Amino acid sequence: MYDPSQLRTFLAVAQTLSFTQAARRLGLRQSTVSQHVRRLEDAVGRQLFTRDTHTVELTEDGEAMLGFARRILSVHEEAAAYFGGTRLRGRLRFGASEDFVLTRLTDILESFRHDHPEVDLELTVELSGTLHAQLDAGRLDLVLAKRRPQDPLGELVRHDELVWIGAERLRLDPERPVPLIVYPPPGITRALALQALERSGRSWRIACTSGSLNGLVAAARAGLGVMAHSRGLIPPGLVRVPDRAGLPELGAVDFVLRHGERRARAQEAADALAAAILAGGDRLHRAARERGYVR
């Protein structure tokens, strides 16, 4: 028997690749997170992570455990709901940022709908900045989006590096302004990209603006320019711009879950969907990698 608390801790570490970040997400001490992982490794008799002072990576057995842990926890929660006599109902307004359009978020939502058929799930896909504004205005109940700079709010789902991406054949002329493919304001990656270029003194021009990730990807594949994007979510057909291009570093970004003002009927459904996203968070960045597109 595998302890559900240890499995939840394992998933948190696997998704953040950080014992510190996992401890913050779970509200545990880092020593407790380490203990949970060690006990789970003892129970399975295999090493699930390779780790040193700087990095944490899943082993091959750790990758296998991801699927088992999700299924075990899912069945555990179904049993608890069944015998607890609770059936979620009501309307849940969920917002997800454009970043997750090409991931397996749909799998998580499909499972949620199957497990809670009486919840009326309304999905809004928008820019992260717009979603935060709609949540603050009370028009959404739960949001999965990038965290705004200097904003402490939200429960961390994953932490990722921002990188410049473009078509593999694209070549940038260092004597000309950088052609940018960007979301419109209030896009968070747009702001970070412009700030990085301004700090480095590199001139730029807007080559394409689109509120749709598919629109940005189409422009980038056509070689119109470069875009700032999460390293773990690089879309098919695009690659990271090499360092020799001389573009400035963009830093990192946090993807978080934020709850709105708790309405009684939406609170339990929002909590259940948030738990499902946290449990299956590795699906939010592995789809492209599994197909061999991320380089």
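Computed from a prediction, not measured in an experiment: that's the story for all the values here.

Cut-offs used in this document
Residues numbered from 1 in each chain as written. Predicted model: local features only at pLDDT ≥ 70, side-chain atom pairs only at ≥ 80, totals over all residues. Heavy atoms only, no water. Phe/Tyr/Trp six-rings, centres within 6.5 Å; stacked < 30°, edge-to-face > 60°. Helix = DSSP H or I, 4+ residues; strand = E, 2+ residues; numbered from the N terminus. 1 Å grid on protein atoms, 1.4 Å probe; cavity = no way out; pocket = protein on both sides within 12 Å on 5 of 7 lines; lining within 4 Å. Points joined across faces, edges and corners; volume = space filled by probe spheres on them. Buried < 20%, exposed > 50% of the residue type's maximum accessible area, 1.4 Å probe, protein only. Polar contact = N/O pair within 3.5 Å; in protein donor to acceptor, adjacent residues only side chain to side chain. Pairing = 2+ DSSP bridges. Right-handed = clockwise from strand over helix to strand, strands pointing away. Salt bridge = Lys/Arg side-chain N within 4 Å of Asp/Glu carboxyl O.

Remarks on the packing of aromatic side chains
Part 1 of the argument: What the rule picks out here adds up to three aromatic pairs.
Part 2 of the argument: One aromatic cluster is present, built from ring pairs that chain together Phe10, Phe19 and Phe49.

Comments concerning unusual backbone geometry
Part 1 of the argument: Going from Pro185 to Pro186, the amide bond is cis rather than trans, its omega being 10°.
Part 2 of the argument: Looking at the secondary structure, you find Pro186 in the loop between β7 (178-182) and α7 (188-200).

Remarks on empty space enclosed by the protein
Part 1 of the argument: Summed over all chains, the structure comprises four cavities of 30 Å³ or more.
Part 2 of the argument: Taken as a whole, the second largest cavity holds about 60 Å³ of empty space.
Part 3 of the argument: Around the second largest cavity, the lining residues are Ile181, Val182, Tyr183, Thr189, Arg190, Ala193, Leu216, Met227, Ala228 and His229.
Part 4 of the argument: Mapped by element, the contributors of at least two residues to the lining of the second largest cavity are β7, α7 and β9 (227-230).

Topic: helix α2 (residues 19-26)
Part 1 of the argument: Among all positions of α2, only Phe19, Gln21, Ala22, Ala23 and Arg25 are buried.
Part 2 of the argument: Backbone nitrogen of Thr20 and a side-chain oxygen of the N-cap are separated by 3.3 Å at the start of α2; the cap is Ser18.
Part 3 of the argument: A positive phi of about 70° marks Gly27, the residue just after α2.

Let's talk about the pairing of strand β4 (residues 119-126)
Part 1 of the argument: Alignment of strand β3 (residues 90-97) against β4, held across eight bridges, turns out to be parallel. Looking at the pairing, Leu92 lines up with Leu121 of β4.
Part 2 of the argument: Of the crossover connections in this fold, the one passing from β3 over helix α5 (residues 105-115) to the parallel β4 is right-handed.

Quick word on the pattern of salt bridges
Any two side chains of opposite charge can pair, so long as their charged atoms come close to each other.
Part 1 of the argument: Taken as a whole and judged by the stated rule, the model has twelve salt bridges.
Part 2 of the argument: Between Arg46 and Asp61 there is a salt bridge, with its nearest N and O atoms 3.1 Å apart. In this pair, Arg46 is assigned in the loop between α3 (30-44) and β1 (49-51) and Asp61 in helix α4 (residues 60-84), connecting sequence segments 15 residues apart.
Part 3 of the argument: Residue classification places Asp61 among the partly exposed positions, given a relative accessible area of 30%.
Part 4 of the argument: The shortest N-O distance in the salt bridge between Arg89 and Glu118 comes to 2.6 Å. Linking Arg89 in the loop between α4 and β3 with Glu118 in the loop between α5 and β4, this pair joins segments that are 29 residues apart in sequence.
Part 5 of the argument: Residues joined by salt bridges that share partners form a network here, namely Glu161, Arg231 and Arg240.

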